[in-house]
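Secondary and tertiary structure notes
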Amino acid sequence: MKTIVNTIILKGHDLTPIKSNISIGDGKIIEISDEVFEGEIIDGTGTMICPSFLNGHTHIGDSIIKDCGDGKSIEELVKPPNGLKHLLLSECSDDKIISSMKNSMWDMIKTGTTHFIDYREGSLKGIKLLKKAAIDIPITPIVLGRDPIFHDSQATEDDIRKTTLKLLKYCDGIGLSGFSEISKEVCEIVTEECINRNKISSIHVGEYLKLQKKSLKETGKTEIERSIDLNFKLLIHSTYPTNNDLNLISENNKFVTLCPRSNGALNLGIPPLTKFIREKINMLIGTDNIMLNSPNLMREMDYTLKTMRAYYKRYIDPKKILKMATVNGCGNSSNNLDKYNLNFYSTINKAVIEEGNDVQLFITKLTSKNPYLNVINRVETDDVIGIANKDKFLYLNNEK
Ligand SMILES: [Zn+2]
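Every chain is numbered on its own, with residues counted from 1 as its sequence reads. Where local features are concerned, this predicted model is filtered to residues with pLDDT of at least 70; where side-chain atom pairs are given and counted, the filter is 80 or more; whole-chain, interface and lining totals use all residues.

**Brief notes about helix H15 (residues 371-378)**
Let me state the cut-off plainly: Note on burial: count the other C-beta atoms lying within 10 Å of the residue's C-beta; 20 or more is buried, 12 or fewer is exposed, in between is partly exposed, and C-beta positions come from the backbone. Under the scheme used here, helices are H or I runs from DSSP no shorter than 4 residues and strands are E runs no shorter than 2 residues, and both carry numbers assigned from the N terminus. Contact between two residues is assigned when their C-beta atoms, built from the backbone, lie within 7 Å.
Among the residues of H15, those classed as buried are Pro371, Tyr372, Asn374, Val375 and Ile376. At its buried positions, H15 is contacted by strand S1 (2-11), strand S2 (16-25), strand S5 (47-51), helix H12 (297-312) and helix H13 (318-325).

In structure tokens form, the structure reads like this:
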């Protein structure tokens with residue numbers, strides 16, 4: 001058991017800053033109070049405690065090819081099965097892929113991330129490589145698998161279902177590349193089996209305007225409409241929604257992960273964050289392919305806050321951005337999200353700092369008068385003092 005004393009804690013669903021002591025032990029938050037002084041005492045003077053981050057979208061498997069192909073189009077770079085990424089990765093040994101994934105997971109830990117939702121390619125073998133890489137690291141991967149059979153127009157429904165079930169035994173859900181490569185029939189099987197097994201079904205949608213227009217022309221519906229019709233739970237990007245798309249996402253209580261730095265790196269524009277906020281959409285934030293971006297969510301939040309303020313020429317509350325990386329992934333006490341089968345926030349991610357919850361937090365230097373901007377605008381990697389995930393507590397930097 002440890003107690004961090006005299007620190008600023010971002011408590012509860014609303015990240016309310018309070019000055020207090022916090023005791024943790026056996027993977028739980030035991031007490032938050034001025035009176036508690038139990039176990040090992042850590043002086044938290046000049047620090048703050050923030051829920052640790054959930055990175056809402058990564059492709060950690062491409063950690064070994066950082067910044068390859070900069071300047072190429074998104075199709076040339078990452079479109080399966082023949083994008084540059086897939087060709088380069090096919091030439092890398094498993095050991096090299098594992099060690100580069102480990103480095104990326106440590107990069108996440110050092111910058112406050114304990115949970116990440118990974119789109120894992122390479123079928124069952126890819127899932128196993130990631131799980132092997134995560135051993136001994138106090139991080140929780142939430143793995144969404146896929147298989148090349150999903151792109152195979154000759155595959156039977158039976159084969160697709162069997163492959164989906166095989167993957168779901170080993171991972172937390174399925175993450176699909178997009179409607180350009182994946183048929184409606186494959187999507188139906190994937191979402192049906194994910195719902196039956198309480199797993200996450202996810203797909204990239206509306207990442208750029210051409211895709212939305214192509215979808216409308218070919219099917220009379222946008223990619224976002226199709227993803228909702230097919231009952232996917234977690235939508236990635238949605239950078240180009242129509243007004244009706246936003247209503248649908250909100251009414252159907254979907255989660256959307258925005259990846260603004262990825263959109264920037266690929267010259268794809270800026271997600272309409274202010275519209276998402278207005279529609280009260282459940283938003284997460286992700287760093288997307290590690291070949292494009294570091295998995296540092298503090299960099300992502302900094303870019304997001306300032307790009308949006310500059311672009312919309314209006315104030316955006318930094319707390320709303322910090323929530324995307326923390327408590328938004330835990331659902332919202334005012335709506336019953338369990339009925340929508342979005343269990344990842346309730347069973348895997350309990351980042352809300354409240355007594356009795358799992359420990360998922362980090363301690364960092366506090367140099368700003370505003371704790372939200374401290375995290376988004378000030379904290380450097382060396383400022384993160386310690387990180388806790390479940391029963392693991394790791395000192396990263398003893399110098400406060
Ligand atoms: Zn992606």
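Once you've had a look at it, read on.
**A word on the domain arrangement of the protein**
To keep things clear, this is the line we draw: Domain extents, as shown, originate in an automatic or database domain assignment.
Here the protein is described as being made up of domain 1 (2-51 + 351-395) and domain 2 (53-348). In this structure, domain 1 and domain 2 have C-alpha centres spaced 28 Å apart. Listed per partner, the contact involves 20 residues of domain 1 and 23 residues of domain 2. Elements supplying a minimum of two residues to the side of domain 1 that touches domain 2: S5, strand S15 (360-365), H15, strand S16 (384-389) and strand S17 (392-395). Counting residues per element, the side of domain 1 that touches domain 2 draws most heavily on H15, which supplies five residues.

**Details of the sheet that holds strand S8 (residues 140-145)**
Let me state the cut-off plainly: Any two strands between which DSSP finds at least two bridges are classified as paired.
The nine strands lie next to each other as S13-S12-S11-S10-S9-S8-S7-S6-S14, forming an open sheet whose pairing is parallel. Of all strands in the sheet, those with a lone pairing partner are strand S13 (282-285) and strand S14 (288-289), marking the two edges. Of the pairings in the sheet, the one linking strand S12 (residues 255-258) to S13 comprises four bridges and is parallel in character. Bridge pairing in S13 links threonine 257 to leucine 284.

**Section: the confidence of the model for the protein**
How we decide: Each residue gets a pLDDT score, which is the predictor's confidence in that residue and runs from 0 to 100.
Scored by pLDDT, the protein has a mean of 92; 94% of the residues are at 70 or more. Residue range residues 333-341 is modelled with pLDDT below 50. Its contacts to residues more than four positions away, or to other chains, number 13 contacts.

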